[in-house]
Amino acid sequence: MAGSNKKDMNQNDVIDSAKAFFTSFGILFLVFLIALVGSIIFPPKHGEEAAGPGGAPTANIDAAAIFKQNCSSCHGQNLEGIVGPNLTKVGATHSAEDIQKIIKEGKGGMPPGLLKKNPEIQAVAQWLSEHK
C-alpha cells in the first residue's frame, strides 16, 4: 500500500502542475487578447497618420525649436546663414510647399531627409515661409 500511495502522490503532482500551467497559459492568453482588442479599437498614430485634416499637424509643434536643433548649425540661430544660405526673408521667395520640398529632397549643399517626420517638416516649412 505504501507504493500505491506514492504513485497517487506523483499523479496528483502531475495533475497539479498541469493545472498550474494551463491556468498561467490562460491568463497570458487573456492578457494578449485584451491587448489585441485594445490595439484594434485604439490604433497607434505614426508619421502622416498623426496629421489632422489637410495634413495639418494635430500636435502643437515648436517649429523654431526644431529648426534650432536640426538646422541652425548651417543656417544660424537667427536664420542669418553660416554654411547654408540666409533664411531671414526666405518666405518672400519660397512658399511653405517649396520649403517642404527642399527639406525633403535637399538642394545645393543641403542633404535630403534631415527632418524625418512629416508634421515637423510641415511646421518648420510654414514657420520659415512666414519670414518675409
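*Asks:* Outline the packing of aromatic side chains, supporting the account with residue identities and numerical values.
*Replies:* Counting across every chain of the model gives 3 aromatic pairs. Measuring from centroid to centroid gives 6.4 Å for Phe-21 and Phe-25, while their planes differ by 15°, and the two rings are stacked. Of the two residues, Phe-21 and Phe-25 both sit in helix α1 (residues 2-41), 4 residues apart, roughly one turn of that helix. Aromatic pair Phe-67 and Trp-127: ring centres 5.5 Å apart, planes at 50°, arrangement tilted. In this pair, Phe-67 is assigned in helix α2 (residues 63-70) and Trp-127 in helix α5 (residues 118-129), connecting sequence segments 60 residues apart. With relative accessibility at 23%, the residue Trp-127 sits in the partly exposed group.

*Asks:* I'd like to hear about the packing of α2 against α5, residue by residue, with values.
*Replies:* The N-to-C vectors of α2 and α5 enclose an angle of 100°; their axes lie 9 Å apart at closest approach. If you check the angle between α2 and α5, you find them roughly perpendicular. The segment α2 lies against α5, with Ala-63, Ala-64, Ile-66 and Phe-67 engaging Glu-120, Ala-123, Val-124, Trp-127 and Leu-128. When grouped by side-chain class, the residues that make up the contact of α2 with α5 number 8 nonpolar, no polar and 1 charged.

*Asks:* Could you give an account of the layout of surface pockets, with specific residues and numbers?
*Replies:* In this structure, the largest pocket spans a volume of roughly 460 Å³. Lining the largest pocket are 23 residues, with His-75, Pro-85, Leu-87, Ile-102 and Met-110 sitting closest to its centre. Breaking the lining of the largest pocket down by element, the ones donating at least two residues are α2, α3 (72-75), α4 (96-105) and α5. Taken together, the residues of the lining of the largest pocket sort by class into 16 nonpolar, 6 polar and 1 charged.

*Asks:* Outline the confidence of the model for the protein chain, supporting the account with residue identities and numerical values.
*Replies:* Mean pLDDT over the protein chain: 84, with 82% of residues reaching 70 or higher. Counting interchain partners and residues more than four positions distant, the pLDDT-below-50 stretch residues 47-54 has 8 contacts.

*Asks:* Please set out unusual backbone geometry residue by residue, giving values where relevant.
*Replies:* Despite not being glycine, Leu-79 shows a phi value in the positive range, around 65°. On the secondary structure map, Leu-79 appears in the loop between α3 and α4.

Criteria and thresholds
- Residue numbers here run from 1 along each chain, matching the order of that chain's written sequence.
- With the structure being a predicted model, the display of local features is reserved for residues of pLDDT at least 70 and the display and counting of side-chain atom pairs for 80 or more, all residues being used for whole-chain, interface and lining totals.
- Side-chain numbers here rest on the full set of heavy atoms in the structure, without hydrogens or water.
- Working definition: a ring pair exists when centres of Phe, Tyr or Trp rings (six-membered ring for Trp) sit within 6.5 Å. Plane angles under 30 degrees give stacked, over 60 give edge-to-face, the rest tilted.
- Under the DSSP-based scheme used, a helix requires at least four consecutive residues in state H or I and a strand at least two consecutive residues in state E, with every element numbered from the N terminus.
- Throughout this description, buried means an accessible area under 20% of the type-specific maximum (1.4 Å probe, protein chains only), exposed means over 50%, and partly exposed covers the range between.
- An axis is simply a line fitted to the C-alpha atoms; with a helix, the fit covers only the stretch in contact. Between two such axes, the angle follows the N-to-C directions and lies from 0 to 180 degrees.
- Working rule for angles: under 35 degrees goes down as roughly parallel, over 145 as roughly antiparallel, 65 to 115 as roughly perpendicular, anything else as oblique.
- By definition in these notes, contact holds between two residues if any of their heavy atoms fall within 4.5 Å.
- Here the nonpolar group is Ala, Val, Leu, Ile, Met, Phe, Trp, Tyr, Cys and Pro; Asp, Glu, Lys and Arg are the charged ones; every other residue, Gly included, is treated as polar.
- We place a 1 Å grid over just the protein atoms. Points where a 1.4 Å probe fits but has no way out form a cavity, open points with protein on both sides within 12 Å along at least 5 of 7 lines form a pocket, and any residue with an atom within 4 Å of a point lines it.
- Grid points are joined across faces, edges and corners, and a volume is the space filled by probe spheres set on the points.
- Think of pLDDT as the predictor's per-residue confidence, scored from 0 to 100.

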